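Summary of the model geometry
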Amino acid sequence: MTFKLGLTGSIGMGKSTTAQMFAEAGCAVWDADAAVHRLYAKGGVAVAAIEAQFPDAVTDGAVDRTALRALISEDPTVLKALEQIVHPLVREDRETFAANQDSEIVVFDIPLLFETGAEKEMDAVACVTVSPELQEKRVLQRGTMTKDQFLAIRAKQMPNDEKCARSDFVITTETLEDARRQVHDVIEQIRGKLSDA
Ligand SMILES: CC(C)(COP(=O)(O)OP(=O)(O)OC[C@H]1O[C@@H](n2cnc3c(N)ncnc32)[C@H](O)[C@@H]1O)[C@@H](O)C(=O)NCCC(=O)NCCS
Ligand SMILES: Nc1ncnc2c1ncn2[C@@H]1O[C@H](COP(=O)(O)OP(=O)(O)OP(=O)(O)O)[C@@H](O)[C@H]1O
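Residues numbered from 1 in each chain as written. Chains lettered and ligands numbered in written order. Predicted model: local features only at pLDDT ≥ 70, side-chain atom pairs only at ≥ 80, totals over all residues. Heavy atoms only, no water.

Where an unreviewed UniProt entry is consulted, the protein appears under the name Dephospho-CoA kinase, with the organism given as Marivita hallyeonensis. In UniProt, the protein has this text filed under Function (unreviewed entry): "Catalyzes the phosphorylation of the 3'-hydroxyl group of dephosphocoenzyme A to form coenzyme A." Its UniProt record gives the protein a comment under Subcellular location (unreviewed entry), which states: "Cytoplasm". (UniProt positions renumbered as here; feature names shortened; annotations may be inferred.)

Moving on, we get to the site of ligand 2. Around ligand 2 lies a shell of 16 residues, among which Gly14, Lys15, Ser16, Thr17 and Arg142 are the nearest. Residue Thr173 places a main-chain N or O atom 3.3 Å away from a nitrogen atom belonging to ligand 2. In this structure, a nitrogen atom belonging to ligand 2 sits 3.4 Å away from a main-chain N or O atom of Glu174. Counting residues per element, the shell around ligand 2 draws most heavily on helix α1 (residues 15–24), which supplies 3 residues. Of the residues in the shell around ligand 2, the class split is 4 nonpolar, 7 polar and 5 charged. (Near = heavy atom within 4 Å. Polar contact = N/O pair within 3.5 Å; in protein donor to acceptor, adjacent residues only side chain to side chain. Helix = DSSP H or I, 4+ residues; strand = E, 2+ residues; numbered from the N terminus. Nonpolar A, V, L, I, M, F, W, Y, C, P; charged D, E, K, R; others polar.)

Here we come to the state of the cysteines. Note on terminology: disulfide describes a covalent bond linking the sulfur atoms of two cysteines. All chains considered together, the criterion is met by 0 disulfides. As a non-bridged cysteine, Cys27 has Cys127 as the owner of its nearest cysteine sulfur, 18 Å distant. Here Cys164 stays free of any disulfide, with the sulfur of Cys127 as its closest cysteine sulfur at 3.8 Å. For Cys164, a relative accessible area of 15% puts it in the buried group. (Disulfide = S-S within 2.5 Å. Buried < 20%, exposed > 50% of the residue type's maximum accessible area, 1.4 Å probe, protein only.)

Note that soluble globular proteins tend to have their nonpolar side chains buried in a common cluster. Membership of the largest hydrophobic core comes to 34 residues, with the highest contact counts inside it found for Tyr40, Ile50, Leu82, Val86 and Ile110. Looking at this core, the elements with two or more residues in it are β2 (28–31), α2 (32–40), α3 (47–53), α4 (65–74), α5 (77–99) and β5 (105–109). The element contributing the most residues to this core is α5, with 8 residues. Formed jointly, this core draws a minimum of three residues from each of two domains, domain 1 (1–27 + 104–147 + 157–197) and domain 2 (34–102). Those residues within four positions of Val86 in sequence are excluded, and the remaining contacts are Val36, Leu39, Tyr40 and Ile50. Val128, Val130, Val183 and Ile190 belong to the second largest nonpolar core, which has 22 residues in total. (Core = buried A, V, L, I, M, F, W, Y, C linked by side-chain atoms within 4.5 Å. Domains from an automatic or database assignment. Contact = heavy atoms within 4.5 Å.)

This part covers the domain arrangement of the protein. Here the protein is described as being made up of domain 1 (1–27 + 104–147 + 157–197) and domain 2 (34–102). Distance between the C-alpha centres of domain 1 and domain 2: 23 Å. Listed by partner, the interface residues are 13 residues for domain 1 and 10 residues for domain 2. Across the domain 1/domain 2 interface, buried area totals approximately 770 Å², and carbon plus sulfur atoms make up 58% of it. It is Val106, Phe108 and Glu121 in domain 1 that bury the most area against domain 2; as a group they hold 43% of the surface buried on that side. The partner of Glu121 in a salt bridge is Arg94, and the shortest N-O contact between them spans 2.8 Å. Counting across the interface, domain 1 meets domain 2 through 3 residue pairs in polar contact (both at pLDDT 80 or more). (Buried area = accessible area lost by both parts, 1.4 Å probe. Salt bridge = Lys/Arg side-chain N within 4 Å of Asp/Glu carboxyl O.)

Okay, here's the thing in structure tokens:
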């Protein structure tokens with residue numbers, strides 16, 4: 001039996017870093033943000049539909065994220081329209097991956113897990129978290145977003161407390177060492193459930 005673990009958390013909380021730890025521990029990992037990158041790349045499945053609605057957002061056959069961020073900042077309806085194109089394609093990608101897996105534990109790294117209802121397809125959910133101050137510091141340190149763009153994205157996500165309350169496991173990502181310990185603990189607990197089943 002394959003155990004499906006959803007991994008979620010708000011922007012910059014440490015999902016990708018934590019997903020990497022699950023991969024290093026031998027779990028198969030599917031990454032929603034990486035799926036979006038494939039969809040937006042030259043020849044990607046979302047390019048034509050995005051170009052039809054937002055011609056300025058496509059350059060040299062690929063979706064230009066800087067242009068998209070600017071459009072989203074100017075007009076709050078853009079993100080919704082974009083989600084309507086992108087989310088069904090992401091879901092398809094996820095289902096194809098899931099159907100072809102036989103690992104003991106498969107981790108689905110999905111920023112908008114609860115917002116899109118994907119938690120219903122998971123056997124359990126782990127949420128990554130740090131303080132809002134550290135979250136902001138980490139996102140702004142990446143240098144890809146202004147503070148306003150970060151605040152606008154965060155405001156569109158389910159509040160962190162609610163995500164944590166709805167999850168089976170909460171992983172704090174203050175230090176790498178401690179987060180890795182928690183990842184191993186989650187894996188042990190899941191293996192315990194699998195051997196009881
Ligand atoms: C807004 C965009 C252009 C920003 O691109 P950028 O490269 O700067 O950031 P990146 O994609 O790495 O996203 C950073 C984080 O923003 C958050 N975020 C992204 N999209 C959304 C959204 N639709 N609603 C709320 N938060 C979002 C997530 O926490 C994500 O991990 C891009 O995220 C996008 O095209 N989003 C729409 C598609 C989508 O919903 N993706 C989310 C995963 S399915
Ligand atoms: N356990 C940890 N200890 C120390 N730093 C961490 C830890 N986890 C993540 N970080 C740092 O926090 C930042 C954000 O982490 P990461 O990119 O994994 O977050 P994310 O949730 O995937 O972000 P996004 O939602 O924007 O895609 C990175 O600079 C990363 O190095």
